[in-house]
Amino acid sequence: ALERTLSIIKPDATRRNLTGKINARFEEAGLRIVAQKRVRLTKEQAEGFYAVHRERSFFGELVAFMISGPVVVQVLEGEGAVAKNREIMGATNPANAAAGTIRADFAESIEANSVHGSDSLENAAIEVAYFFSQCEIAG
Ligand code: CMP
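Just so it is clear, the structure is predicted and the values come from calculations on it, not from any experiment.

A. Summary view of the overall build of the protein chain. In terms of helices and strands, the protein chain carries 7 helices and 4 strands. Scored against the burial criterion, the 139 residues of the protein chain give a buried share of 45%. Contacts spanning at least 24 positions in sequence make up 77% of the contacts within the protein chain whose residues lie at least 6 apart. Carbon together with sulfur atoms contributes 50% to the accessible area of the protein chain, which is approximately 7100 Å² in total. Seen as two clouds, the 16 positive and the 18 negative side-chain charges of the protein chain have centres 4 Å apart.

Shown next, in the form of structure tokens:
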């Protein structure tokens, strides 16, 4: 089915000027970037976005990292977009990411892992709505 998923190009990737290379991976895989904006997240926005991880030991560092530079938040659309994006990204820890994935090729560490992607269709809807209003998405 045609799905939408929320993607974030993280500060380690914007710092290294990798947004175009990462977007090319999405487009080559048949995902369409139907919304996109480059923003500097506030601490409150980052904490709210990662609220499910609030009790994890790495939460404070994760939030600090996500506000350490600009990010590109985007909506990707395509057939099975949620799973397809996770396949293109590779495993959370780049040490475990399959060859040819974004994280295998670009990530610096489990924290500075270049991209975020929604982990389910249900969370995708929540995460897209967190950053975008309907009128900002052009499918
Ligand atoms: P992301 O998909 O954005 O969701 C939560 C993020 O926490 C994850 O990617 C990692 O970048 C980050 N993170 C940092 N440390 C860890 C860890 N030990 N285990 C899992 N995720 C971590």
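B. Focus on the UniProt feature "domain: Nucleoside diphosphate kinase-like" (unreviewed entry) in the protein chain. Under the local residue numbering, the UniProt record ascribes the feature "domain: Nucleoside diphosphate kinase-like" (unreviewed entry) to residues 2–139. Here residues 2–139 runs as 40% helix and 20% strand, with 11 Å between its end C-alpha atoms.

C. Representation of the layout of surface pockets in the model. Roughly 730 Å³ of volume is contained in the largest pocket. In terms of lining residues, the largest pocket is bounded by 27 residues, among which Tyr 50, Val 52, His 53, Leu 62 and His 116 are the most central. Counting residues per element, the ones that place at least two in the lining of the largest pocket are α3 (43–49), α4 (59–66), α5 (81–89), β4 (115–117) and α7 (121–131). Tallying contributions element by element places α7 first for the lining of the largest pocket, with 4 residues. A class-by-class count of the residues in the lining of the largest pocket yields 11 nonpolar, 8 polar and 8 charged.

D. Molecular detail of the site of the ligand. Residues in close proximity to the ligand include Lys 10, Tyr 50, His 53, Phe 58, Leu 62, Thr 92, Arg 103, Ile 110, Glu 111, Asn 113 and His 116, which together make up its full environment. Interatomic distance of 3.3 Å between a side-chain N/O atom of Asn 113 and an oxygen atom of the ligand. Contact distances for the ligand include 3.0 Å between an oxygen atom and a side-chain N or O atom of His 116. Considering the ligand on its own, with 460 Å² of exposed area, one finds that the protein chains cover 79% of that surface. In a pocket analysis with a 2 Å cut-off to the grid points, the ligand is assigned to the largest pocket. Its residues assigned to classes, the shell around the ligand comprises 4 nonpolar, 4 polar and 3 charged.

E. Summary view of the nonpolar core. Grouped together as the largest cluster of nonpolar side chains are 21 residues, with contacts concentrated most on Leu 6, Ile 8, Met 66, Val 75, Phe 131, Phe 132 and Ile 137. If you list the elements that add at least two residues to this core, you get β1 (2–9), β2 (32–39), α3, α4, β3 (71–79) and α7. Of the residues forming this core, the biggest block, 5 residues, is contributed by α4. Excluding residues within four positions of it along the chain, Val 75 makes contact with Arg 4, Thr 5, Arg 32, Ile 33, Val 34, Ala 35, Val 128, Phe 132 and Ile 137. Of all hydrophobic cores here, the second largest spans 14 residues; its members include Ile 22, Leu 31, Leu 76 and Met 89.

Parameters at a glance
- Residues numbered from 1 in each chain as written.
- Predicted model: local features only at pLDDT ≥ 70, side-chain atom pairs only at ≥ 80, totals over all residues.
- Heavy atoms only, no water.
- Helix = DSSP H or I, 4+ residues; strand = E, 2+ residues; numbered from the N terminus.
- Buried < 20%, exposed > 50% of the residue type's maximum accessible area, 1.4 Å probe, protein only.
- Contact = heavy atoms within 4.5 Å.
- Areas by Shrake-Rupley, 256 points an atom, 1.4 Å probe, with all protein chains shown as cover.
- Lys, Arg positive; Asp, Glu negative; His and termini not counted.
- Charge placed at Lys NZ, Arg CZ, Asp CG, Glu CD.
- UniProt positions renumbered as here; feature names shortened; annotations may be inferred.
- 1 Å grid on protein atoms, 1.4 Å probe; cavity = no way out; pocket = protein on both sides within 12 Å on 5 of 7 lines; lining within 4 Å.
- Points joined across faces, edges and corners; volume = space filled by probe spheres on them.
- Nonpolar A, V, L, I, M, F, W, Y, C, P; charged D, E, K, R; others polar.
- Near = heavy atom within 4 Å.
- Polar contact = N/O pair within 3.5 Å; in protein donor to acceptor, adjacent residues only side chain to side chain.
- Sits in = over half its atoms within 2 Å of the grid points.
- Core = buried A, V, L, I, M, F, W, Y, C linked by side-chain atoms within 4.5 Å.

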